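Coordinate inspection notes
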Amino acid sequence: MTIYAWMVSLLVLLSLLWVTTELSLRQEDERVRSYTMNQAISLTNSYATQLTFLIEQMNQILLRIHARWQDMPDLLDLARDRELGLFPDRDEFFIFILDAKGQMVKASGVPNQRDDFFRDGYFALQKNDCCRNILITTKNLGPSINDKVIYFSRRLSRQDGSFGGVVVISVQSDFLATFQDEPLRNKHDFISARLASGALLATRMDAGNNQKNVFYLQDPRFSESQGIRLESADKFRDDKARYVAWRKLKDYPLVTLAGLTEEDALAGYRVLARHYRLTATMASVLFLIFAAVGIWFSGRLAVRRRAEENVRSTYRMATDAANEGFYMLRPVFSDDDLLLDFYIEDCNDRAALLLGSTRSHLTGRLASQAMQHKLLEDLIEVCRRALQSGMYEDEFRVPSQGGLDAKWVYRRAVHSGAGIALTLRDISELKAHEQTLADLANKDALTLLPNRRWLSGFLPEAVQRAQHNGSRLAMFFIDLDNFKLVNDTLGHQAGDELLTQAANRICHAVRASDRVVRLGGDEFTVVLEHIGSNRDIARVADSIIQILSEPFALTAGAGNRVSASIGISVYPNDGQDANTLLKHADVAMYAAKAEGKSRHHFYHPKLSDAILLRLSKERALRQAIDKDEFVVYYQPRVATHTGYLCSLEALLRWHHPELGLVHPLDFIDVAEDAGLIISIGETVIQKVAMQLDDWRRRGLRVVPVSVNISPYQLRSGTTAAYVEKIVKQYQLPVDWLEVEVTESAVVDRSVVVSNELDALRKQGVRLMIDDFGAGYSSLAQLHRLDVDVLKVDQAFTHALAEGSEGEIVYRAVVSMAVALDMQVVAEGVETLAQLDLLKKIGCHEIQGHIISPALPAKEIELLMQKTIMPPFDQMTQLAIV
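By convention here, each chain's residues receive numbers from 1 onward along its written sequence. Thresholds applied to this predicted model are a pLDDT of at least 70 for local features of residues and 80 or more for the giving and counting of side-chain atom pairs; totals over whole chains, interfaces and linings are not thresholded and use all residues. Excluding hydrogens and water, the side-chain values take into account all heavy atoms of the structure.

With respect to the overall build of the protein
Within the protein, the secondary structure is distributed over 28 helices and 32 strands. Its C-alpha radius of gyration of 44 Å places the protein more than 25% over the 29 Å reference for a compact globule of 881 residues. In terms of overall dimensions, the protein has C-alpha extents of about 140 × 95 × 45 Å along its principal axes. Throughout this description, buried means an accessible area under 20% of the type-specific maximum (1.4 Å probe, protein chains only), exposed means over 50%, and partly exposed covers the range between. The buried share of the protein, taken over its 881 residues, is 45%. Put simply, DSSP marks the helices as runs of H or I at least four residues long and the strands as runs of E at least two long, and each gets a number from the N terminus on. Our radius of gyration is a C-alpha quantity, and the globule rule it is checked against amounts to 2.2 Å times the number of residues to the power 0.38.

Some points on the pattern of salt bridges
For this document, the term salt bridge refers to a Lys or Arg side-chain nitrogen within 4 Å of an Asp or Glu carboxyl oxygen. Scanning all chains against the criterion turns up 41 salt bridges. The partner of D758 in a salt bridge is R761, with the nearest N and O atoms 2.8 Å apart. Here D758 pairs with R761, and both are found in helix α23 (residues 751-763), just three residues apart, close to one helical turn. When salt bridges with common partners are traced through the structure, they connect R637, E738, R766 and E845 into a single cluster.

Digging into the environment of V19
The residue V19 is located in helix α1 (residues 3-71) in this model. With 233 residues separating them in the primary sequence, V19 and Y252 have C-alpha atoms 50 Å apart.

Digging into helix α14 (residues 492-509)
Helix length check: α14 (18 residues) gives 25 Å between terminal C-alpha atoms against 26 Å at 1.5 Å per residue, within 8%. Taken residue by residue, α14 has A494, G495, L498, L499, A502, A503, R505, I506 and A509 as its buried positions. Multiplying 1.5 Å by the helix residue count minus one yields the expected span of that helix.

Details of the packing of helix α12 (residues 452-469) against helix α16 (residues 578-594)
Contact geometry for α12 and α16: axes closest at 9 Å, N-to-C directions at 115°. For the element pair α12 / α16, the angle class is roughly perpendicular. Contacts from R452, L455, L459, P460 and V463 in α12 reach A578, L581 and L582 in α16. Broken down by class, the residue content of the contact of α12 with α16 amounts to seven nonpolar, no polar and one charged. Interaxial angle, 0 to 180 degrees, is taken between N-to-C directions of lines fitted to C-alpha atoms, where a helix line uses only the stretch in contact. Each angle gets one of four labels, with under 35 degrees taken as roughly parallel, over 145 as roughly antiparallel, 65 to 115 as roughly perpendicular, and the rest as oblique. In this description, contact between two residues means that some pair of their heavy atoms is separated by no more than 4.5 Å. Classification used: nonpolar for Ala, Val, Leu, Ile, Met, Phe, Trp, Tyr, Cys and Pro, charged for Asp, Glu, Lys and Arg, polar for all others including Gly.

A short note on helix α27 (residues 857-864)
Burial in α27 covers these residues: A857, I860, E861, L863 and M864. Looking straight down α27, one finds its buried side chains confined to an arc of 160°; they lie on one side. Relative to its buried face, α27 has exposed residues pointing more than 90 degrees away, namely K858 and L862. The secondary structure elements touched by the buried residues of α27 are β23 (630-639), β24 (645-656), α19 (677-697) and β32 (855-856). It is the directions from the helix axis to the C-beta atoms that the arc portrays.

Focus on the pairing of strand β27 (residues 737-741)
With five of five residues buried, β27 is to be regarded as a mostly interior element. Residues L737, V739 and V741 line one face of β27 and the alternating positions E738 and E740 line the opposite face, and both faces are buried. Paired strands, as defined in this entry, are two strands with at least two bridges between them according to DSSP. Sheet analysis places strand β26 (residues 705-708) next to β27, joined by four bridges and oriented parallel. Within β27, the residue paired with N708 across the bridge is E740. In this sheet, strand β28 (residues 767-772) lies alongside β27 in parallel orientation, the contact comprising three bridges. Among the inter-strand pairings, V741 is bridged to a residue of β28, identified as I769.

Side note on a nonpolar patch on the surface
Patch membership requires over 30% relative accessible area and the absence of a salt bridge. Like charges are linked within 9 Å, and nonpolar side chains (Val, Leu, Ile, Met, Phe, Trp, Tyr) within 5 Å. For accessible areas, the Shrake-Rupley method is used with a probe of radius 1.4 Å. Any residue's cover is judged against the shown protein chains and nothing else. On the surface, a cluster of nonpolar side chains totalling about 640 Å² of accessible area is made up of V285, L286, I289, V293, W296 and F297. With respect to the helices, strands and loops of the structure, V293 is situated in helix α6 (residues 267-309).

Thoughts on the packing of aromatic side chains
Each aromatic ring pair is specified by the distance between its two centres and by the angle formed by the two planes. A pair of Phe, Tyr and Trp rings is counted when the ring centres sit within 6.5 Å of each other, with Trp represented by its six-membered ring. The angle between the planes then sorts it: under 30 degrees is stacked, over 60 is edge-to-face, the rest tilted. Across all of its chains, the model carries 12 aromatic pairs by this definition. The residue whose ring lies beneath R229 is W246, and the NZ or CZ to ring-centre distance is 5.2 Å. A ring has a charge above it when a Lys NZ or an Arg CZ is no more than 6 Å from the ring centre and no more than 35 degrees off the ring normal. Here the basic side chain of R505 rests over the ring of F552, its NZ or CZ set 3.7 Å away from the ring centre.

Quick word on the environment of N45
With respect to the element layout, N45 can be found in helix α1. When its relative accessible area of 24% is taken as the criterion, N45 is described as partly exposed. Between the alpha carbons of N45 and A258 there is a distance of 8.9 Å; along the sequence they are 213 residues apart. A polar contact of 3.1 Å, which involves the side chain of N45, links it to the side chain of R247. Each polar contact in these results corresponds to two N or O atoms within 3.5 Å; when the atoms are within protein, one needs to be able to donate a hydrogen and the other to accept it, and residues that are neighboring in sequence are counted only if both atoms are side-chain atoms.

Structural notes on the sheet that holds strand β12 (residues 339-347)
Strand order in the open sheet formed by five strands is β12-β11-β15-β14-β13, with antiparallel pairing between adjacent strands. Unpaired on one side and paired on the other, β12 and β13 (391-397) mark the two borders of the sheet. Strand-to-strand twist in this sheet, taken as the mean axis angle between neighbours without regard to direction, amounts to 25°. Note that strand β14 (residues 408-416) and strand β15 (residues 419-426) share eight bridges and pair antiparallel. Within the sheet, the bridge partner assigned to S416 lies in β15 and is G419. Sheet strands in contact with helix α10 (residues 373-389) are β11 (324-333), β12, β13, β14 and β15, and its direction is about 90° off that of β12.

A short note on the side chain of H656
Along the chain, the position of H656 falls in strand β24. Apart from residues lying up to four places away in sequence, H656 is in contact with A620 and V662.

Remarks on the confidence of the model for the protein
Low-pLDDT stretches of the model should not have their predicted coordinates read in fine detail. pLDDT runs from 0 to 100 and stands for how confident the predictor is about each residue. The pLDDT averaged across the protein works out to 85; a share of 91% of its residues lies at or above 70. Scored below 50 in pLDDT, residues 311-316 makes six contacts in the model with residues more than four places away or belonging to other chains. Confidence over residues 877-881 falls short of pLDDT 50; this stretch has zero contacts with residues more than four positions distant or in other chains.

Observations regarding the nonpolar core
Judged by nonpolar contacts, the single largest core of 81 residues is most densely connected at L621, Y634, L648, V688, L785, L790 and I846. When residues in this core are grouped by element, the largest group, nine residues, is from α19. Setting aside residues up to four positions removed in sequence, I846 forms contacts with P636, R637, V638, T640, V825, A826, V829, L835, L838, I851 and F872. Put simply, buried Ala, Val, Leu, Ile, Met, Phe, Trp, Tyr and Cys residues joined by side-chain atoms within 4.5 Å make one nonpolar core. Formed by 41 residues, the second largest nonpolar core is a distinct cluster that contains I61, I97, V171 and A193.

Focus on the packing of helix α21 (residues 719-729) against α23
One can describe the packing of α21 onto α23 by two numbers: an axis separation of 8 Å at closest approach and a directional angle of 25°. Here α21 is positioned roughly parallel relative to α23, judged by the angle of their axes. Together, T719, A720, V723 and E724 of α21 and E756, A759, L760 and Q763 of α23 make up the contact between the two elements. Grouping the constituent residues of the contact of α21 with α23 by class yields four nonpolar, two polar and two charged.

Things to note about the side chain of E629
Secondary-structure assignment places E629 in the loop between α17 (609-627) and β23. His is not counted, nor are the chain ends; Lys and Arg add positive charge and Asp and Glu add negative charge. For the buried residue E629, which engages in no salt bridge, the nearest side chain bearing the opposite charge is K627, 4.9 Å off. Not counting chain neighbours up to four residues away, the residues in contact with E629 comprise A624, R653, W654, H655 and P657.

Some remarks on the pairing of strand β10 (residues 254-261)
Taken across its eight residues, β10 has eight buried, putting it largely inside the fold. Neither face of β10 is exposed, since L254, T256, A258 and L260 on one face and V255, L257, G259 and T261 on the opposite face are all buried. Two strands pair when backbone bridges link them, and strand β9 (residues 242-248) and β10 are joined in this way by seven bridges, in the antiparallel orientation. Along β10, the bridge assignment pairs R247 with T256. Adjacent in sequence and paired antiparallel, β9 and β10 are bridged by five residues.

Some remarks on the sheet that holds strand β4 (residues 148-157)
Adjacent strands of a sheet form backbone hydrogen bonds with each other and so pair up, either parallel or antiparallel. Judged by pairing direction, the sheet is antiparallel, and its five strands sit side by side in the order β2-β1-β5-β4-β3 without closing on themselves. Each having just a single partner strand, β2 (104-107) and β3 (135-140) make up the two edges of the open sheet. Between one strand axis and the next, the sheet turns through 30° on average, direction left out of account. Bridge count between strand β1 (residues 93-99) and β2: three bridges; the pairing is antiparallel. Bridge pairing in β2 links F96 to A107. In the packing of α1 onto the sheet, contacts are made with β1, β3, β4 and β5 (163-172), and the angle to β4 comes to roughly 40°.

Given below as structure tokens:
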């Protein structure tokens, strides 16, 4: 055997040994873990069954006491019932009855602790008729689990249904665990009972463990009704990982748990694993010793064979394999030592095929007799360089009828002794593949037009040609107006189809020598070389605008219209290099959009600062969307007469990295013109939904939140579907999300807007008119506004203090709104005088700085915890005094 064979054999044997060992250990590990999980599931199922039976028994006791209390309350004697054995006679089992005032009137004995039963949570809950079934609550009388008291209570109702009191069974924590007698495997294992909310009720560990409080550091939550999982060690007080199985009781808000320690469960397996690995290690050492001896003997044999192999000639490397042609050449020199020709002393079959000949025909002949003159000259130059430097190599493109059966060859010539070893390899396929990749890199996959990468190489050369020829060059920057609406309403497939047709139209509108390029999205450029006057340039731009304004026949539907805005820069007037021309054409295009779209605009240095500022703001907005720089503030709406928090309005803010917090009034118009408002609007809806879900998960009080929807969003036809998707995604009640729209959006009678509003109503979303009175509507049109809430513009609120006319108008709005079953919200309330007038008028809700400005989520949470909002809380205190 060779050295390599010995090494491979050793590696194979060692691999088989260790793979077999580890597979066996893995199977044993899986078996032990499976057994442990099954035992944990069995324990928790057994405990759940016993605990369900116990609670059913206590429920029956409470029901019997309730029935006897209704029939003969005076004859009910719980102490005697205990003596008669009607319920357990144990110290930790205590039954008592509280009357409607919370006073203990009946008891099975003397309570073993002082307790103000009127203040315990179950009494208030039962008094408010919280539930029809048994209520389970807890109370901690000390830091230990043994100090926990568990109350099982039912409401006592009089014959007329009114609240008569509460019957309660009070047990200590150990009572729920002592009846579970199924043995635990190890001293660190436990069973426990918890409320569905996670709070611990009772726990039992192995009898050999004195540590009674080995339970979770934080109360666990279980979403499924039953299951098992491996909990990490950092979740337990004793820092031991456990397999925890749980089962939720079917009719009661309890969950039973069984925890088996991973360390104890795997103890036997780990002993076995150490034994297996020790055995495998000893076997590996024996294999290594045996292989070392074999390698030593093989090495000595290999030294002999290598000496024989070195005797073989260099020509052995020139075999007849693969894709390479190999020639052994002997140079022929002139009297002046100039290389004139060479003899082909030997070659392989592939080398002969490249020359269109055979090996026997070439061997021994002069190259000049076997090759075309041009090919011979090229090869003489290659060999001359090899003779000078020892080696020469290059890649050579074979000209048409160049004497070689290939388009590209790799040539390598090595000076060896008195001759030259020449290698030719056909690389035609490789070069063709490289060309294909280059074409793909420079071509737009959708329209098959040249792309931005191609333009970056072509445009500088075109500028240089124009400079050299003293000619003019025009650059068109084309942006399709309203293309995003097609994408949003008909889908991306329809958008791609429109872009393809638009590309074809642009190509037909220009000369064959003009270059049309797709930059990306809905942006194209056209490079016009050797162009005449600006009038000629404008005529070409107008023809492009005209042909693009005609309807597109798309698979998703005919009659789809877009338009084009074209910015034009001209060399040399508007720029001396490619980047400047492209940038100035881009600026001119935005100027065309600012003037109304569907037109062209020549660049000139005096473009207004407003346009340049708008361009900068639009670019910043696009970056803000990509970098998630938008945040949501919340402003409360409260009931006018009580001050109770009714809902919140979500207000968008832009957290600009340099300017700080930017108000929507400073960027919404730009977002609408740039087609970014739909993306921003959907971002706000998602952020609000995420916040509502976060408040719910944290157990905070949640009130509905209204979101402002732009008319552009409604006209896109996607708002209702997106709201429905987000509500389902976060599993929110539909009445938690409200929609505010402007008057113009509701007055809009287009089919798309009407369908969107109808779809929102069908989902159960409340609709509100924002800033009512500031737009198209009047009192005469109020009946046409099919909405739930009118938010009256703050101008009307401010007018209240200016005279009786403001109050009269406000009363008219409120009266008509009430008649049409609409609620009225006053915006911009800032003073107590305005608040008093709004109370007299009968306005339902108010919103403004008198309550709170718009606040971020963290700050609004503090306000949400209050029952009554300021300044109502101070007014209530004054009224009490």
